[in-house]
Amino acid sequence: MLPQANRVSIGSNIRFEHPPRNAWNEEKHIDMVSMIRADLLKIQKRAIGWVMLAISFLLVTLIMLLMSLQSGTASEQLTGFPGGLLTGPQIIAESLGTFLVIIFSASLVGSEYHYDTWKNLLTRYPGRTAFILSKWITLAMAIGIGVTFLAIWSQILNWLIGVEQTPAISLGAVLLELLVHALMLLGSGTVALLGVVVFRSTFAGIITGITWLMLDGIAGAVTFVPGAVKRCLFRPAGNSLLAHIQGSATDTDCAVPWHLLVVSMYLVIPVTLAACIFHQRDVTG
């Protein structure tokens, strides 16, 4: 609860002493932390998060086992430490990972509409932006944890398979690639979050995320789209950052700040729009 004003009686006059401003800020901060903790607890209790993680682990395991049985380029992608940390996240990012994140993100926010819990939450707490930010921060934390677990698991599998090839990549470069993979997954989830808030539906959020993902990929692949437009697309910007880290980029290093800006825009703008729209809504969210 928010700090209450103290009523002080002086003779027949009654005046209210409001708590200092820092007390309100501290309480709002506590509310944000409590919201994130509550969302993390919901993730632990709901099956969808564990199902998504299990699918990711199973997919990585099967693909890595198949790669180990093949000869040539596929088997050469299996490397020792620290390059083995990248195998799992790369497999997920290039296959079903983005779709799994879109579904997870949409269910994270859409469940509040499905169970009609916004009425209780919005009447008990003063801020509305904090609810959307807590969902987004929870999503980012879940993606970070998932990518970390997949990286560790893929490295263990590389050792179990018996990979002896030493990768020509530093641990710092591996960590940067893992960060870019996590940010690209977060971008897709953020668009799905916006779709849920706009349409107040989990299914609509999933459709929004998948549609955006497909349009972004198609626009980056076709030749008739101007280069200026392609430089503003999310996935090409992320792939370019990965190429710069790997040392295989075709553009100059001066383009890195622009690609970082593009990726940041796709992270910040959707969640900002979602917070603004949610702020204007009634108690049903």
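Report on the accompanying structure. (Residues numbered from 1 in each chain as written. Predicted model: local features only at pLDDT ≥ 70, side-chain atom pairs only at ≥ 80, totals over all residues. Heavy atoms only, no water.)

1. What to know about the packing of aromatic side chains
Each aromatic ring pair is specified by the distance between its two centres and by the angle formed by the two planes. Enumeration over the complete set of coordinates arrives at 4 aromatic pairs. Aromatic side chains Phe57 and Trp153 sit 6.1 Å apart centroid to centroid with 40 degrees between the ring planes, which places their arrangement in the tilted category. Pair noted here: Phe57 is in helix 2 (residues 47–69) and Trp153 is in helix 7 (residues 129–161), with a separation of 96 residues, a long-range link. With a centroid separation of 5.5 Å and an interplanar angle of 50 degrees, the aromatic rings of Trp212 and Phe234 are classed as tilted. (Phe/Tyr/Trp six-rings, centres within 6.5 Å; stacked < 30°, edge-to-face > 60°. Helix = DSSP H or I, 4+ residues; strand = E, 2+ residues; numbered from the N terminus.)

2. As for the side chain of Thr98
Counting through the fold element by element, Thr98 comes out in helix 5 (residues 97–114). The exposure class of Thr98 is buried, given its relative accessible area of 5%. Excluding residues that lie within four positions of it along the chain, Thr98 makes contacts with Ile92, Ala93, Leu185, Ser188, Leu213 and Arg235. (Buried < 20%, exposed > 50% of the residue type's maximum accessible area, 1.4 Å probe, protein only. Contact = heavy atoms within 4.5 Å.)

3. Looking at the packing of helix 11 (residues 234–246) against helix 12 (residues 256–279)
One way to put it is that helix 11 packs onto helix 12 with a least axis distance of 9 Å and a crossing angle of 135 degrees. For the element pair helix 11 / helix 12, the angle class is oblique. Along this stretch, helix 11 crosses helix 12, giving a crossing that reads as left-handed. Touching Phe234, Ala237, Gly238, Ser240, Leu241 and His244 of helix 11 are Val256, His259, Leu260, Val262, Val263 and Tyr266, all from helix 12. Here the residues of the contact of helix 11 with helix 12 are counted per class, giving 8 nonpolar, 4 polar and no charged. (Axes fitted to C-alpha atoms, helices over the stretch in contact; angles between N-to-C directions. Parallel < 35°, antiparallel > 145°, perpendicular 65-115°, else oblique. Left-handed = near helix turned anticlockwise from the far one by under 90°. Nonpolar A, V, L, I, M, F, W, Y, C, P; charged D, E, K, R; others polar.)

4. Here's the deal with the packing of helix 7 against helix 12
At their nearest, the axes of helix 7 and helix 12 sit 8 Å apart, and the two run at 145 degrees to each other. Every pair of crossing elements has a handedness; the one defined by helix 7 and helix 12 is right-handed. Here helix 7 contributes Thr129, Phe131, Ile132, Leu133 and Trp136 to the contact with helix 12, which in turn contributes Leu267, Val271, Ala274, Ala275, Phe278 and His279. Class assignment for the residues of the contact of helix 7 with helix 12 results in 9 nonpolar, 2 polar and no charged.

5. What about helix 8 (residues 171–199)?
Here helix 8 spans 43 Å end to end across 29 residues, near enough to the 42 Å set by a 1.5 Å rise per residue. Here helix 8 lies mainly inside the structure; 21 of its 29 residues are buried. The positive-phi residue at the C-terminal boundary of helix 8 is Arg200, with phi of around 55 degrees. (Expected span 1.5 Å × (residues − 1).)

6. A word on unusual backbone geometry
For Arg200, which is not a glycine, the phi torsion comes out positive at approximately 55 degrees. Note on placement: Arg200 falls in the loop between helix 8 and helix 9 (202–221). Judged by its relative accessible area of 35%, Arg200 is partly exposed.

7. Re a nonpolar patch on the surface
Taken together, the side chains of Phe81, Ile145, Phe149, Ile152, Ile156, Trp159, Leu160, Leu171 and Leu175 present a nonpolar region at the surface, about 910 Å² in accessible area. Mapped by element, the contributors of at least two residues to the nonpolar patch are helix 7 and helix 8. The biggest single contributor to the nonpolar patch is helix 7, with 6 residues. When you line up the elements, Ile152 lands in helix 7. Among the residues examined, Ile152 registers a relative accessible area of 45% and is labelled partly exposed. (Patch = residues over 30% accessible without salt bridge, like charges linked within 9 Å, V, L, I, M, F, W, Y side chains within 5 Å. Areas by Shrake-Rupley, 256 points an atom, 1.4 Å probe, with all protein chains shown as cover. Salt bridge = Lys/Arg side-chain N within 4 Å of Asp/Glu carboxyl O.)

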